[in-house]
Amino acid sequence: MQNERREQAQRTVLIHCPEKISENKFLKYLSQHGPINNHFFYESFGLYAVVEFCRKESVGSLQNGTQTPNMAMETAIPFRSRFLSLKLKNQTSKQSCIQSSNQLPPSNRKLFELLCYAESIDDQLNTLLKEFQLTEENTKLRYLTCSLIEDIAAAYFPDCVVRPFGSSVNTFGKLGCDLDMFLDLDETRNLSTHKTSGNFLMEFQVKNVPSERIATQKILSVIGECLDHFGPGCVGVQKILNARCPLVRFSHQASGFQCDLTTNNKIALTSSELLYIYGTLDSRVRALVFGIRCWARAHSLTSSIPGAWITNFSLTMMVIFFLQRRSPPILPTLDSLKTLADAEDKCIIEGNNCTFVHDLNRIKPSGNTETLELLLKEFFEYFGNFAFNKNSINIRQGREQNKPDSSPLYIQNPFETSLNISKNVSQSQLQKFVDLAQESAWILQQEDTHRPSVSSNQPWGLAAVLLPSVPNRGSLTKKKRKRSANERVKNLLESLKSNRTANFTETNEK
Ligand code: GTP
Ligand code: MG
């Protein structure tokens, strides 16, 4: 699928268009270079068109008829990319109504409206998924952006491939999510695979550095410079080379994507494939993951700034784990996916066994028929009461295990099994997650008895648990919890009293 998308992206150009443009004339003008397979427009500080030609040669022909701008005050760096700008020679063109494809998720207000008018919690979760998931156009734009960055990186490494990974491709991406890119230099490394005859072997003269990490840092450093100096539309380039996984972060202005470029990060590609499989196996998985991610974001449990919070990746692992724990399980364990693998699936990366089955047809569908409503409630209930202090989460075996260290939240990295993917999470952030899960479980439980009617316009179900924990509601929950705690203490005292009385009578009787 990736190869097909990549090949499409290579036949595609991104064009900044004037606001007043006739779609027909625009297409006719471009068709001089060859037939167009498909196109769409979108707005992002201006009007842009994504145009996919049927043949790759058309792009070359269009580029040959394109000139580098002449500017009065500044000097253009003559870099010929597939990101172009269309100018009108005269302003006579009449404005036609161009339909723009939407690249952004609905506003909170729109979302609440949609959720309030849904018919059930299942309907709410499916609506959320439908509104937030990546569209076909947004996916095309993501592959095109990778392809444009590949052209820049190819200036140094002509055979490199830039592949999207993470939520752009793992079925859990939401409109507006970042674009994780992987610079794959395997082709460059292994080009001369054909055997040479005779007694000789030819090798490239290369520079050597002491470690893989240093090589990664050097490569990303020059690519970062290149994006900064020559990359059309690449702004705010930051080289974050001392991170555990070195990366170059930048904004691709025209597409509106925040991009993270890494290299030497093959395991993340495999993780994306695994999540893709889990997301595709059962239609409830994505709906629940979107619901939980949205819930976490609404309560600031997740953030776009790195820190002591839970990440979306960790939340997805928690949902997968929870679905593996249902009876019967909704998702298989990673170990069972490994058992189903055949020789073609075999994959060892840096000594880690990353083998699992890739053919979805070989995985038996789950016999579990629980509704999304039940699963949402049970998710909050389950993690609201999970023994995080002693247990770790582990999707490989699909059961809790003793925590190997004292990190507040321990989620085993599925492929590098000695690592914890949520090592960064602080005790207070975990506590906030637990408190909110308990509160949300309680809100949904209360609704079982009194659900606000749709006509009352009151947020209910998913909408109710997305609302900020207002002091009122929080204290209500706390009050309720306090009340039940008080009740427990009262009962305990009462039973002690009666025991003492009983003992007393007993002793007296003796
Ligand atoms: P978004 O929040 O929508 O961007 O989700 P995402 O899944 O894309 O997460 P992110 O951009 O943070 O990371 C991209 C990918 O890198 C993830 O999908 C994982 O495959 C991988 N990844 C992220 N964080 C970790 C981690 O802590 N450990 C490991 N092993 N992989 C990670
Ligand atoms: Mg991401």
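Note: the structure precedes this text.
To start, this report covers the structure provided alongside it. For every chain, the first residue of its written sequence is number 1, and the numbers climb from 1 along that sequence. Chains carry letters and ligands carry numbers; both start at the beginning, A for chains and 1 for ligands, and go up in the order they are written. The predicted origin of the model limits local features to residues at a pLDDT of at least 70 and limits the giving and counting of side-chain atom pairs to 80 or more, whereas totals for whole chains, interfaces and linings rest on all residues. Excluding hydrogens and water, the side-chain values take into account all heavy atoms of the structure.

### A word on the overall build of the protein
By the criteria applied, helices consist of DSSP H or I runs no shorter than four residues and strands consist of E runs no shorter than two, each listed in order from the N terminus. Counting secondary structure elements, the protein contains 16 helices and 13 strands. Counting only residues that meet the buried cut, the protein has 46% of its 510 residues in that class. Once local pairs closer than 6 in sequence are excluded, the contacts in the protein between residues at least 24 apart make up 67%. For every accessible area listed, the method is Shrake-Rupley and the probe measures 1.4 Å; residues are considered covered only by the protein chains on display. Of the roughly 27,900 Å² that the protein leaves accessible, carbon and sulfur atoms contribute 52%. Burial classes: relative accessible area under 20% of the type maximum marks a residue as buried, over 50% as exposed, and values in between as partly exposed (1.4 Å probe, protein chains only). Residues count as neighbours in contact if any of their non-hydrogen atoms are within 4.5 Å of one another.

### Some words on the sheet that holds strand β4 (residues 83-85)
Paired strands, in this sense, are two strands between which DSSP finds at least two bridges. Spatial ordering of the open sheet is given by β2-β3-β1-β4, a layout of 4 strands whose pairing is mixed. The open sheet has two edge strands with one neighbour each: β2 (36-43) and β4. Averaged over all pairs of adjacent strands, the angle between their axes in this sheet comes to 25°, without regard to strand direction. Relative to β4, strand β1 (residues 12-17) runs parallel, the two being bridged by 3 bridges. Each bridged residue has a counterpart across the sheet, and for His16 the counterpart in β4 is Ser85. Throughout, an axis means a line fitted to C-alpha atoms (over the contacting stretch in the case of helices), and angles, computed between N-to-C directions, take values from 0 to 180 degrees. With respect to the sheet, helix α6 (residues 136-153) is in contact with β1, β2, β3 (47-53) and β4, its orientation differing from that of β1 by roughly 100°.

### Looking at the layout of surface pockets
When its volume is computed, the second largest pocket comes out at roughly 1,600 Å³. The pocket and cavity definitions rest on a 1 Å grid over protein atoms only: a 1.4 Å probe that fits but cannot leave marks a cavity, an open set with protein on both sides within 12 Å along at least five of seven lines marks a pocket, and residues lining either have an atom within 4 Å of a point. Lining the second largest pocket are 42 residues; nearest its centre among them are Thr66, Gln67, Leu84, Ser85 and Leu86. Those elements that provide at least two residues to the lining of the second largest pocket are β1, α2 (23-31), α3 (57-64), β4 and α8 (212-230). Per element, the largest residue contribution to the lining of the second largest pocket is 4 residues, and it comes from α2. Note that Gly is not counted as nonpolar here; it falls among the polar residues with everything else outside the nonpolar set of Ala, Val, Leu, Ile, Met, Phe, Trp, Tyr, Cys and Pro and the charged set of Asp, Glu, Lys and Arg. Residue composition of the lining of the second largest pocket, by class: 19 nonpolar, 17 polar and 6 charged. Grid points are joined across faces, edges and corners, and a volume is the space filled by probe spheres set on the points.

### Section: the packing of aromatic side chains
For any two aromatic rings, the description comes down to two numbers: the centre-to-centre distance and the angle of the planes. Working definition: a ring pair exists when centres of Phe, Tyr or Trp rings (six-membered ring for Trp) sit within 6.5 Å. Plane angles under 30 degrees give stacked, over 60 give edge-to-face, the rest tilted. On inspection of all chains with the given rule, the structure shows 20 aromatic pairs. Their ring planes at 45° and their centres at 6.4 Å tell us that Tyr156 and Phe157 sit as a pair that is tilted. For Tyr156, a relative accessible area of 44% corresponds to the partly exposed category. Centre to centre, the rings of Phe383 and Phe386 are 5.6 Å apart; their planes meet at 45°, and the pair counts as tilted. Each member of the aromatic cluster is reached from another via a ring pair, and the members are Trp295, Phe321, Phe322, Phe379, Phe380, Tyr382, Phe383, Phe386, Phe388 and Phe433.

### Remarks on the site of ligand 1
What makes a residue near a molecule or strand is one non-hydrogen atom of that residue sitting within 4 Å of it. Ligand 1 sits among 14 residues. The nearest are Ser167, Asp178, Asp180, Asn312 and Asn413. Polar contacts here mean pairs of N or O atoms no more than 3.5 Å apart (in protein, one a potential hydrogen donor and the other a potential acceptor; neighbouring residues in sequence count only if both atoms are side-chain atoms). A distance of 2.8 Å is found between an oxygen atom of ligand 1 and a side-chain nitrogen or oxygen belonging to Asp178. One of the side-chain N or O atoms of Asn413 is found 2.9 Å from a nitrogen atom in ligand 1. For ligand 1, the accessible surface in isolation is 600 Å², of which the surrounding protein chains cover 77%.

### Some remarks on the nonpolar core
Most often, soluble globular proteins have nonpolar side chains that are buried together. What we call a nonpolar core is a set of buried Ala, Val, Leu, Ile, Met, Phe, Trp, Tyr and Cys residues that are connected through their side-chain atoms within 4.5 Å. Within the largest apolar cluster, 72 residues are counted, with the highest numbers of intra-cluster contacts made by Trp295, Phe380, Phe383, Phe388 and Phe433. Those residues within four positions of Phe388 in sequence are excluded, and the remaining contacts are Met318, Phe383, Ile393, Lys403, Pro408, Leu409, Leu430, Phe433 and Val434. Met181, Phe257, Cys259 and Leu261 belong to the second largest nonpolar core, which has 34 residues in total.

### Observations regarding the sheet that holds strand β7 (residues 234-240)
Ordered by their spatial adjacency, 5 strands build an open sheet running β5-β6-β9-β8-β7, and the pairing between neighbours is mixed. A single partner strand is all that each edge strand has here, and the edge strands are β5 (161-165) and β7. Going from strand to strand, the sheet's axes swing by 25° on average, the running direction of each strand aside. Of the strands in this sheet, β5 and β6 (179-184) touch helix α9 (residues 266-281), which is tilted by about 45° from β5.

### Digging into the environment of Trp295
Secondary-structure assignment places Trp295 in helix α10 (residues 283-298). Overall, Trp295 belongs to the buried group, its relative accessible area being 0%. Between the alpha carbons of Trp295 and Ala463 there is a distance of 9.2 Å; along the sequence they are 168 residues apart. Discounting chain neighbours no more than four positions away, the residues touching Trp295 are Leu301, Phe380, Phe433, Leu436, Ala437, Ser440, Val465 and Leu466.

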